Amino acid sequence: LTENVHLRLLSAKDLTDGSFLQVLGELTTVGEPDSLALLERYNYLAARKDTYFPYVVITADATGEVIIGTATLFIERKFIHGCGLVGHIEDVVVSSKARGGGYGKLILKCLLDVAKHAGCYKVILDCDESNVPFYEKCGLVKKGVQMALYY
Ligand SMILES: CC(C)(COP(=O)(O)OP(=O)(O)OC[C@H]1O[C@@H](n2cnc3c(N)ncnc32)[C@H](O)[C@@H]1OP(=O)(O)O)[C@@H](O)C(=O)NCCC(=O)NCCS
């Protein structure tokens, strides 16, 4: 993304060493998954990298890497629209220490590019009203309403 800021796929190591879960915890409740549950989930996703996978934004220098943000692209395979593909962007968060530095926009733009190159005919996401201006700056437009049922 820039000289010291990079985007890459999540690695298994990030689940134990990195600040990935800490950053996700700034978005919502992560809970307390044990290392086996984390590894099982990672392996499930890693076998489906073309469908659902988290990306992480890292800063990297001589002292190592720090995760400063993440977002996930889920590519849904439809029957409609000629067996078309729809991209869903999920779990977008930038560490509070790094907000306002353009990292959120960069990760969104990258995931939108990945979705386009994968052949998605559209990308959709759900968000709070307070984040509408951010997503508009990333090129998205407001469309439809979100429905939910929590168990
Ligand atoms: C939303 C979030 C990911 C934005 O990340 P960020 O790195 O701070 O955003 P950026 O610095 O890339 O901002 C890009 C542009 O959007 C604007 N912007 C960002 N958040 C905004 C907001 N809430 N309201 C209005 N504008 C906003 C910025 O001013 C910037 O404008 P510019 O391009 O004209 O300079 C970050 O604030 C965050 O993690 N929030 C908490 C978790 C969350 O709500 N995630 C979204 C779940 S749907």
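Read on for a plain summary of the structure. (Residues numbered from 1 in each chain as written. Predicted model: local features only at pLDDT ≥ 70, side-chain atom pairs only at ≥ 80, totals over all residues. Heavy atoms only, no water.)

Things to note about the pairing of strand β4 (residues 85-94)
Looking along a regular strand, one sees the side chains alternate between the two faces of the sheet.
Here is step 1 of the chain: Here β4 lies mainly inside the structure; eight of its ten residues are buried.
Here is step 2 of the chain: Across eight bridges, the pairing between strand β3 (residues 64-77) and β4 is antiparallel. Within the sheet, the bridge partner assigned to Thr-72 lies in β4 and is Glu-90.
Here is step 3 of the chain: Pairing of β4 with strand β5 (residues 120-124), which is carried by four bridges, proceeds in the parallel orientation. Following the sheet pairing, Leu-85 is matched in β5 by Cys-120.
Here is step 4 of the chain: Handedness of the crossover is the feature at issue here: the chain leaves β4, passes through helix α4 (residues 103-118), returns alongside β5, and the resulting connection is right-handed. (Buried < 20%, exposed > 50% of the residue type's maximum accessible area, 1.4 Å probe, protein only. Helix = DSSP H or I, 4+ residues; strand = E, 2+ residues; numbered from the N terminus. Pairing = 2+ DSSP bridges. Right-handed = clockwise from strand over helix to strand, strands pointing away.)

Focus: the site of the ligand
Here is step 1 of the chain: Neighbouring residues of the ligand: 19 residues in total, closest Val-92, Val-94, Gly-102, Gly-104 and Lys-105.
Here is step 2 of the chain: Taking Val-92, its main chain carries an N or O atom lying 2.7 Å from a nitrogen atom of the ligand.
Here is step 3 of the chain: Between the ligand and Val-94, the relevant distance is 2.8 Å, taken from an oxygen atom to a main-chain nitrogen or oxygen of the residue.
Here is step 4 of the chain: Summarising the interface, the protein chains cover 69% of the accessible area of the ligand, which totals 920 Å² for the free molecule.
Here is step 5 of the chain: For the shell around the ligand, the elements supplying multiple residues, two or more each, are β4, α4 and α5 (132-137).
Here is step 6 of the chain: Here the element with the most residues in the shell around the ligand is α5; it accounts for four residues.
Here is step 7 of the chain: Considered class by class, the residues forming the shell around the ligand number nine nonpolar, six polar and four charged. (Near = heavy atom within 4 Å. Polar contact = N/O pair within 3.5 Å; in protein donor to acceptor, adjacent residues only side chain to side chain. Areas by Shrake-Rupley, 256 points an atom, 1.4 Å probe, with all protein chains shown as cover. Nonpolar A, V, L, I, M, F, W, Y, C, P; charged D, E, K, R; others polar.)

Some thoughts on the side chain of Thr-70
Here is step 1 of the chain: By secondary structure assignment, the location of Thr-70 is in strand β3.
Here is step 2 of the chain: Separated by 2.7 Å, the side chain of Thr-70 and the backbone oxygen of Tyr-55 make a polar contact.
Here is step 3 of the chain: In this view, Thr-70 contacts Phe-20, Val-23, Leu-24, Pro-54, Tyr-55, Val-56, Asp-91, Val-92, Val-93 and Ile-107; residues no more than four positions away in its chain are not counted. (Contact = heavy atoms within 4.5 Å.)

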